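Chain residues, written in single-letter form:
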Amino acid sequence: MKKADFQATKKKPDIELNKPAGRKYWQKQGNFAFWYFVIMLVLFYFFQQGIQVKKEEIPYSQFQQYLSENKVSECIIRDKLIEGTLKLKDRKTGKPMHFVTVRLSDANLANVLEKHGVKYSVEIENHFFTNLLFTWIIPFGIIFLLWGFLSKRVATSGMNFLNVGRNRAHIHADSQPSVTFKDVAGVDEPKQELEEVVEFLRSPDYFQRLGGRMPKGILLVGPPGTGKTLLARAISGEAGVPFFSISGSDFIEIFAGVGAARVRDLFDQARAKAPCIIFIDELDAVGRQRGGPIGIGGHDEREQTLNQLLVEMDGFDSSKGVVVLAATNRPDVLDKALLRPGRFDRQIVVDKPDMKGRLEILKIHTRGLKMAPDVDLEVIAKRTPGFVGADLANIANEAAILAARNKRDSVTQSDFEAAIDRVIAGPEKKTTAMGPEEKHRVAYHESGHTLVAELVPTGEPVHKVSIIPRGSGALGYTLQLPEREKFMATRNELLDQIAILLGGRASEEIIFGDVSTGAQNDLERASDIARNMICSYGMSEKLGPLTFGKRQASLFLGTEYSEEKNYSEETARQIDEEVRDIIESSYSRVLGLLKENRSVLDALARELEDKEILSGEEVKSIIERERKQ
Ligand code: ADP
Ligand code: ZN
Ligand code: MG
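Here is what the cut-offs are and how they apply
Residues numbered from 1 in each chain as written. Chains lettered and ligands numbered in written order. Predicted model: local features only at pLDDT ≥ 70, side-chain atom pairs only at ≥ 80, totals over all residues. Heavy atoms only, no water. Helix = DSSP H or I, 4+ residues; strand = E, 2+ residues; numbered from the N terminus. Areas by Shrake-Rupley, 256 points an atom, 1.4 Å probe, with all protein chains shown as cover. Pairing = 2+ DSSP bridges. Axes fitted to C-alpha atoms, helices over the stretch in contact; angles between N-to-C directions. Contact = heavy atoms within 4.5 Å. Core = buried A, V, L, I, M, F, W, Y, C linked by side-chain atoms within 4.5 Å. Buried < 20%, exposed > 50% of the residue type's maximum accessible area, 1.4 Å probe, protein only. Salt bridge = Lys/Arg side-chain N within 4 Å of Asp/Glu carboxyl O. pLDDT = per-residue confidence, 0-100. Phe/Tyr/Trp six-rings, centres within 6.5 Å; stacked < 30°, edge-to-face > 60°. Expected span 1.5 Å × (residues − 1). Parallel < 35°, antiparallel > 145°, perpendicular 65-115°, else oblique. Left-handed = near helix turned anticlockwise from the far one by under 90°. Nonpolar A, V, L, I, M, F, W, Y, C, P; charged D, E, K, R; others polar. Polar contact = N/O pair within 3.5 Å; in protein donor to acceptor, adjacent residues only side chain to side chain.

## Quick look at the overall build of the protein
- Regarding its fold elements, the protein presents 22 helices and 16 strands.
- Accessible surface, the protein: about 34,400 Å² in total, of which carbon and sulfur atoms supply 55%.

## As for the environment of A337
- By the element assignment, A337 lies in the loop between β10 (322-328) and β11 (346-349).
- Distance from A337 to G287, taken between C-alpha atoms, is 9.2 Å for residues 50 residues apart in sequence.

## Here's the deal with the sheet that holds strand β12 (residues 462-466)
- An order of β13-β12-β16 is seen for the three strands of this open sheet, with the pairing classed as antiparallel. The open sheet has two free edges, formed respectively by β13 (477-480) and β16 (613-615), since each of these has just one partner strand. When strand polarity is set aside, the average angle formed by the axes of neighbouring strands in this sheet is 10°.
- Inspection of the sheet shows β12 paired to β13 by four bridges, in the antiparallel sense. Its bridge partner lying in β13, S466 is registered against Y477.
- In the packing of helix α21 (residues 598-611) onto the sheet, contacts are made with β12 and β16, and the angle to β16 comes to roughly 120°.

## Structural notes on the nonpolar core
- If you look at the biggest cluster of nonpolar residues, it comprises 49 residues, and the most contacted ones within it are I498, M533, I575 and L594.
- Here this core takes 10 residues from helix α20 (residues 569-596), the largest share from any one element.
- Excluding residues within four positions of it along the chain, I575 makes contact with R531, I534, C535, L543, F548 and Y567.

## Considering the pattern of salt bridges
- Under the counting rule described, the total for this entry stands at 27 salt bridges.
- When the shortest N-O distance is used, the salt bridge between R346 and E193 registers 3.5 Å. Residue R346 is found in strand β11, and its partner E193 is found in helix α6 (residues 188-202); the two are separated by 153 residues along the sequence.
- Under the relative-accessibility criterion, R346 is labelled partly exposed at 23%.
- Given the relative accessible area of 29%, E193 is considered partly exposed.
- The salt bridge involving R573 is made with E570; its shortest N-O contact spans 3.0 Å. With a gap of three residues between them, R573 and E570 both fall in helix α20, about one helical turn apart.

## Observations concerning the confidence of the model for the protein
- With 79% of its residues at a pLDDT of 70 or more, the protein shows a mean pLDDT of 78.
- Across the protein, the element-wise mean pLDDT spans from 35 in helix α1 (residues 20-26) up to 93 in helix α18 (residues 491-512).
- In this model residues 157-167 is a low-confidence stretch, pLDDT under 50, and it forms 25 contacts with partners more than four residues away in sequence or in other chains.
- Segment residues 553-560 is flagged for pLDDT under 50; beyond a separation of four residues in sequence, or across chains, it makes 15 contacts in the model.

## Concerning the packing of aromatic side chains
- Counting across every chain of the model gives four aromatic pairs.
- A centroid spacing of 5.9 Å and a plane angle of 90° characterise the contact between Y444 and F512, whose relative ring orientation is edge-to-face. Taken together, the positions of Y444 in helix α17 (residues 436-455) and F512 in helix α18 put the pair 68 residues apart, joining distant regions of the chain.
- Chaining the aromatic ring pairs together yields one cluster made of Y60, F63 and F99.

## A closer look at α18
- Between its terminal C-alpha atoms α18 stretches 32 Å, which fits the 32 Å expected from 22 residues at 1.5 Å a residue.
- Of the residues flanking the end of α18, it is G513, one or two places downstream, whose phi is positive at about 80°.

## Here we look at the sheet that holds strand β5 (residues 119-122)
- Across the sheet, five strands lie side by side as β1-β4-β3-β2-β5; this open sheet has mixed pairing. Edge positions in the sheet fall to β1 (56-57) and β5, since each has one partner strand and no second.
- The pairing of strand β3 (residues 81-89) with strand β4 (residues 96-102) spans six bridges and is classified as antiparallel. Counterpart to L81 in the pairing with β4 is V102.

## Things to note about α21
- For α21, spanning 14 residues, the distance from its first C-alpha to its last is 20 Å, which sits close to the expected 20 Å at 1.5 Å a residue.
- Considering only its buried residues, α21 is in contact with α17, β12, α18, α20, β16 and α22 (616-628).
- Phi for E612, located one or two positions after α21, is positive at around 70°.

## Digging into the packing of α17 against α21
- Across the interface, α17 lies against α21 with an axial gap of 8 Å and an inter-helix angle of 130°. The angle between the axes of α17 and α21 places the two elements in the oblique class. Like other packed secondary-structure pairs, α17 and α21 cross with a definite hand, here right-handed. Across the interface between the two elements, P436, K439, H440, A443, Y444, E446, S447, G448 and L451 of α17 pack against V600, L601, D602, L604, A605, L608 and E609 of α21.
- Of the residues contributing to the contact of α17 with α21, the split by class is nine nonpolar, three polar and four charged.

## Thoughts on the side chain of E578
- Examined against the element boundaries, E578 turns out to sit in helix α20.
- Of the polar contacts made by the side chain of E578, one reaches the side chain of S540; its length is 2.6 Å.
- Ignoring sequence-local partners within four residues, the contact set of E578 consists of I534, S540, E541, K542 and L543.

## Let's talk about the pairing of β10
- For β10, the buried fraction is high: seven of the seven residues fall into the buried class.
- Here β10 shows no split at all, with V322, V324, A326 and T328 on one side and V323, L325 and A327 on the other all buried.
- As paired strands, strand β7 (residues 217-221) and β10 are joined by five bridges and run parallel to one another. Bridging from a neighbouring strand, I218 pairs with L325 of β10.
- Alignment of strand β9 (residues 276-281) against β10, held across five bridges, turns out to be parallel.

In structure tokens:
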């Protein structure tokens, strides 16, 4: 029963890395040696088959009979076999027939052969090569393969003892870019700054002549999925210089010193290839604050790696054209030493895209889709405030999947809508149907939110109400569509938001006389807004325009903050009182609104229970219809 929470964007793994376009440079090395071996074996087998003449295996008695009948023209006597040619012709091919038989120790054989005029020869086999093959080459081959296989397994489990110190940086020095700045949208400012870097890398001399100095380290910071990794790849594509990319977690190894060795190795390689870019993704994996609480193992190792990184960054000269680019979504946990001048001294914030940005990103990700004429990407961009690039890419993909599943030959607007719902709230849970009573209650709860949103003066228009339960535990939701992006809110707007949040619970109370647990999230959010109004925005009449408490929100994960209490117990009590006042007066306001419009509430709930989903227009027409009566 919570309103869709736009902040809750799921972190997607870097799926992009598996996309065909990027595969060339980013894929892992295939199991090349193994397949090479298999192919050789198969070829060898066919080769052997090919040169062998078809021989018929015959019993020794038959051989003797052929001999006595003078049908053998010639034969070779080997260690264990006798091979030869008959005077008979093969019926099909017309060629002399070949035979082979097991040799018996027959001392008289030579005489018999001579007697029947058979040309014969004895061949002593040289076992050297077969012996070599069976006693040396094959066993060693097997051991070698097993070893390779095991070491690969061990490597993926993080204990790479065969490869210690070897660098895992992917290097790409292709002039044909796989990703360019055109593939990145909605992050104009970072793009502009990075374009400068590209210019520098293209012609370092030119910049130096002008006295320009390139920053050594550039740190891309921003929430997950905003396109930091993508931007870095675009740079490598645009700049046309070698690009060493490594993820912070690749440095962390179980053996002490390996991470540091990797860092050294990486910088050595880069220096040899300058001008070039080193890209360290997920820098926080190595760059965390040193000297924190000691974990079990691996802690020293990380510090060593970080120290080595600092040493390397100090020790090279950016005029040589090595630029270190890094990305993180936790700048708050980075060791301060990393951010000092001469290291990552330039930070570029890659923020969540605004409406226009989202539209551009959607355009990029729907380029390859066959879309129905009814698709309006602008509506989708409006409906997805707070979504990051990765979410939008996901929506485009989901929409295409849904269209394919429904056997449509183009992607329709409804596919996009369904895709948004999936991304917001997880796939529809059609199987766990609510009981009728619960459904009745949820319908009234959501109608309460909806009606209040339509009644309060600053409420955003409702875009969609749904009581279809979702995977994430939400039983229903009311989705409002902001008419324009908002960057601040007035006191009245905040009060209206609180009212809308309380609408669900108030509606339940009016209709059923008691309340349910379904409103917990609503109440939490309403209280948060009220508390912020007093403590952060100074909107309380009693306490005045002051702020209380120092919040140290971590920059991007707005939910995680610590509060430093800088006020007295007495003030704390007053704050609590004020919060309660705001909530209580809002609640009675909402009760009043809903009671006045009881018939509209009933009509909305009825329709919602019936249809499960109501669009914004449907909501409006129900309200108008009821008002007229
Ligand atoms: P981050 O590294 O910031 O967590 P990524 O660069 O890995 O995010 O983004 C994941 C995927 O989301 C990208 O590969 C791309 O498909 C899509 N994406 C993210 N941001 C953008 C953007 N600004 N423009 C276009 N696509 C984007
Ligand atoms: Zn609710
Ligand atoms: Mg990334």
